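Descriptive analysis of the structure
Each chain, written out:
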Amino acid sequence: MEEKMLNADALGYLDEAMFTSSLISKKERETKETDWENVYPCTKAETEQMEQLLQKANAVADNPNDQKYSQRYQALSEVVDWSKKRYASWKWSLIAGALLGAGIFYYFYNDQQKDIAQAKVEQEQVNQWKETEVAEVPYSVCATEHAKDDYAMRLTSAERYKIYKLVDLKASVETAEKSVKEYQHQADTAKVQKNIDKYQQQVEASANSVAKYRAEYDSINAMDFAQVHAMAISDMDKHVDNQESWGNTLYGYMIFLLVLIPLYIITGYPHGYTITRHRRRSGCLNIFRKVGFGLASFCFGTGIAMNLLSGYSEKTTDPNGSTQTEKKSDIGNVLIVALKVILMIVGAFIFCIVASLVMTIETISGLIENFNWSGWMRKLFPSKKKED
């Protein structure tokens, strides 16, 4: 009778260990029934508590070889062992996506250096302008469209630059004036007061744009050489700054991905209980990764498959009667080639974006959850106890 009571105590500890996890609901604790996947602990404390309960069960079990007891004890021990160990959660496919992304950013960063160099050449060209008289351009005779060489020649002199700016402003004025007429017509023909008020607001906004652009036109038109030169220098300084800023952004993203890769691997060894605690988040990330990679594969694969499209053959007969067959490209395939390139680029970008997003989320989570930061901080900065 005493042996049965002791083994009943051991089974009680096993029952308590089985319902340690916070994944188990209150109703499941009352009914003593739950899915086995909910038995796994979610934290280090729950894992240690489950392990202690198993030790207590083993200590009071007079007959540990009892089939009912040993099977449950072994199953729960495996849960504890799995929860205590670390597991590699990082994936090569995500690392490949990050490497591809870093390569893309490196390519565009190098290409951006050409734009930066060109912007600086144009900046120096403006700085070297020689002072000349800059005439005013009456609004009535100013064009609203640029000639073919206007853009290329706009930086050759203050006069050309001034005319270039004035043409843009007059085009903006006329566009705003057209909007005023269109919105006024809609306001006049609308039947519902709510719509009338909405169109009238748009009329006023467009009229303000007309006044604004016309005031800018008159202001620039009145500028002399020194003022136009100062305006052009300011514009070119901003242009150079924007080009350099974009180059720095590309370089920053490249470095971010290169640093992210080792961090992702280092932080990608969570304990089993951490995997259990975040299995829903991991499941969502896996779905996002699979859908994203599937879409990327579809785009990239479709682009590659278009290489199989062929042209056509055309037979020609010479005056001497001989026949020749010449292969020609289908003109329609030009659009297909362009679509192929676009699809392959889109596929590559989707692959990189999905990989970098998933890696960033998992790395941040790993940094927070997979390292004992509080313990390290206590070792680095031990608290000083006050002497009595």
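Reading the values: rules and limits
Residues numbered from 1 in each chain as written. Predicted model: local features only at pLDDT ≥ 70, side-chain atom pairs only at ≥ 80, totals over all residues. Heavy atoms only, no water. Helix = DSSP H or I, 4+ residues; strand = E, 2+ residues; numbered from the N terminus. Buried < 20%, exposed > 50% of the residue type's maximum accessible area, 1.4 Å probe, protein only. Contact = heavy atoms within 4.5 Å. Areas by Shrake-Rupley, 256 points an atom, 1.4 Å probe, with all protein chains shown as cover. Core = buried A, V, L, I, M, F, W, Y, C linked by side-chain atoms within 4.5 Å. Axes fitted to C-alpha atoms, helices over the stretch in contact; angles between N-to-C directions. Parallel < 35°, antiparallel > 145°, perpendicular 65-115°, else oblique. Left-handed = near helix turned anticlockwise from the far one by under 90°. Salt bridge = Lys/Arg side-chain N within 4 Å of Asp/Glu carboxyl O. Patch = residues over 30% accessible without salt bridge, like charges linked within 9 Å, V, L, I, M, F, W, Y side chains within 5 Å. pLDDT = per-residue confidence, 0-100. Polar contact = N/O pair within 3.5 Å; in protein donor to acceptor, adjacent residues only side chain to side chain. Phe/Tyr/Trp six-rings, centres within 6.5 Å; stacked < 30°, edge-to-face > 60°. Lys NZ or Arg CZ within 6 Å of the ring centre and 35° of its normal.

This part takes up the overall build of the protein chain. Within the protein chain, the secondary structure is distributed over 13 helices and two strands. Counting all 388 residues of the protein chain, 31% fall into the buried class. Sequence-distant contacts in the protein chain: of pairs separated by 6 or more residues, those separated by 24 or more amount to 77%. A total accessible area of about 25200 Å² is found for the protein chain, and carbon and sulfur atoms account for 57% of it.

A few words on the nonpolar core. Trp129, Tyr161, Tyr217 and Val228 are the most contacted members of the largest nonpolar core, which totals 23 residues. Of all the secondary-structure elements, those providing two or more residues to this core are helix H7 (158-189), helix H8 (193-221) and helix H9 (225-266). Top element by residues in this core is H7. It accounts for seven residues. Setting aside its immediate chain neighbours within four residues, tyrosine 217 contacts Val137, Pro138, Tyr139, Cys142, Leu166, Leu169 and Lys170.

It is the contact of helix H5 (residues 92-127) with H9, at a shortest axis distance of 8 Å, that shows an interaxial angle of 165°. As summarised for this structure, H5 and H9 are arranged roughly antiparallel, according to the angle between their axes. For the pair H5 and H9, the sense of crossing is left-handed.

The next subject is the pattern of salt bridges. If you walk through the whole model with that rule in mind, you get eight salt bridges. We note a salt bridge from glutamate 51 to lysine 84, for which the minimum N-O separation is 2.9 Å. Here glutamate 51, found in helix H3 (residues 44-60), pairs with lysine 84, found in helix H4 (residues 67-84); they are 33 residues apart in sequence, far enough to count as distant. Given the relative accessible area of 26%, glutamate 51 is considered partly exposed.

Time to look at a nonpolar patch on the surface. Residues Tyr107, Phe108, Phe288, Val341, Ile345, Phe349, Ile353 and Leu357 make up a contiguous nonpolar surface patch of roughly 740 Å² in combined accessible area. Sorting the residues of the nonpolar patch by element identifies H5 and helix H12 (333-369) as the ones contributing at least two each. A total of five residues in the nonpolar patch trace back to one element, the largest contributor, which is H12. In this structure, isoleucine 345 sits in helix H12. The exposure class of isoleucine 345 is partly exposed, given its relative accessible area of 45%.

Between H7 and H8, the least distance of the axes is 8 Å, while the angle of their chain directions is 160°. Between H7 and H8, the interaxial angle falls into the category roughly antiparallel. For the pair H7 and H8, the crossing hand works out as left-handed.

Right, let's talk about the environment of leucine 166 for a bit. Relative to the elements of secondary structure, leucine 166 occurs in helix H7. Along the backbone, leucine 166 and asparagine 221 are 55 residues apart, and their C-alpha atoms lie at a distance of 7.2 Å. What leucine 166 contacts, discounting residues up to four positions off in sequence, is Val137, Cys142, Tyr217, Ile220 and Asn221.

A separate point is the environment of alanine 205. Counting through the fold element by element, alanine 205 comes out in helix H8. Counting along the chain gives 29 residues from alanine 205 to alanine 176, while the straight-line C-alpha distance between them is 9.1 Å.

A separate point is the confidence of the model for the protein chain. With 88% of its residues at a pLDDT of 70 or more, the protein chain shows a mean pLDDT of 86. The low-confidence segment residues 1-5, where pLDDT is below 50, has two contacts with residues more than four positions distant or belonging to other chains.

A separate point is the side chain of histidine 271. Residue placement: histidine 271 occurs in the loop between H9 and helix H10 (272-277). Judged by relative accessible area, histidine 271 falls into the buried class, the value being 16%. Of note is the side chain of histidine 271, whose polar atom sits 3.3 Å from the side chain of tyrosine 273. Dropping the residues within four chain positions of it, histidine 271 is found in contact with Ser83, Lys84, Lys85 and Arg86.

Right, let's talk about the packing of aromatic side chains for a bit. Each pair of aromatic rings is reported with the distance of its centres and the angle of its planes. A complete count under the given rule lists 11 aromatic pairs for this structure. On the numbers, 5.1 Å between centres and 80° between planes, the contact of tryptophan 90 with tryptophan 92 is edge-to-face. The exposure class assigned to tryptophan 90 is buried, which follows from its relative accessible area of 19%. Note on tryptophan 92: relative accessible area 62%, which makes it exposed. Among the aromatic side chains, those forming a connected cluster through ring pairs are Tyr40, Trp82 and Tyr87. Its end group placed over the ring of tyrosine 164, arginine 154 keeps NZ or CZ at 6.0 Å from the ring centre. Taking NZ or CZ as reference, arginine 214 lies 3.9 Å from the ring centre of tyrosine 139, over its face.

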